[in-house]
Amino acid sequence: MRDLSYRAILRSEAVNKWGFVAMHAAGAAVFMFLLQRFVMSASQETSLLWALTFAVCAAGLAYKQANR
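Residues numbered from 1 in each chain as written. Predicted model: local features only at pLDDT ≥ 70, side-chain atom pairs only at ≥ 80, totals over all residues. Heavy atoms only, no water.

**Thoughts on the side chain of Ser47**
- One can find Ser47 in helix 2 (residues 44-66).
- With residues up to four places along the chain from it excluded, the contact list for Ser47 reads Phe33, Gln36, Arg37 and Ala42. (Helix = DSSP H or I, 4+ residues; strand = E, 2+ residues; numbered from the N terminus. Contact = heavy atoms within 4.5 Å.)

**Considerations on the nonpolar core**
- The biggest cluster of nonpolar side chains holds seven residues, and these are Val21, Ala25, Ala29, Ala51, Ala55, Ala59 and Ala62.
- Mapped onto this core, the elements with two or more residues apiece are helix 1 (2-39) and helix 2.
- Top element by residues in this core is helix 2. It accounts for four residues.
- Setting aside anything within four residues of it in sequence, one finds Ala51 in contact with Ala29, Met32 and Phe33. (Core = buried A, V, L, I, M, F, W, Y, C linked by side-chain atoms within 4.5 Å. Buried < 20%, exposed > 50% of the residue type's maximum accessible area, 1.4 Å probe, protein only.)

**As for the packing of aromatic side chains**
- Enumeration over the complete set of coordinates arrives at two aromatic pairs.
- Residues Trp50 and Phe54 carry aromatic rings whose centres are separated by 6.1 Å and whose planes lie at 55° to one another, so their mutual orientation is tilted. Of this pair, Trp50 and Phe54 both sit in helix 2, four residues apart, roughly one helical turn.
- Judged by its relative accessible area of 39%, Trp50 is partly exposed. (Phe/Tyr/Trp six-rings, centres within 6.5 Å; stacked < 30°, edge-to-face > 60°.)

Interpretation note: all reported values are geometric properties and have no functional meaning in isolation.
Right under this line is the structure:
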């Protein structure tokens, strides 16, 4: 019985880790899109490209941090 609860705890930690990574990536993407589009008056395509780039970088950093 103890083994089942231990697996549930590990599964919960994995969900929390991927949720953290996804939230970090989404936050970076939204921030960069709004900055590029409305503050710097860039085109929509350029804003989306920068948002995607920052989302990938932020996800990588969050993943590395979550594995510490």
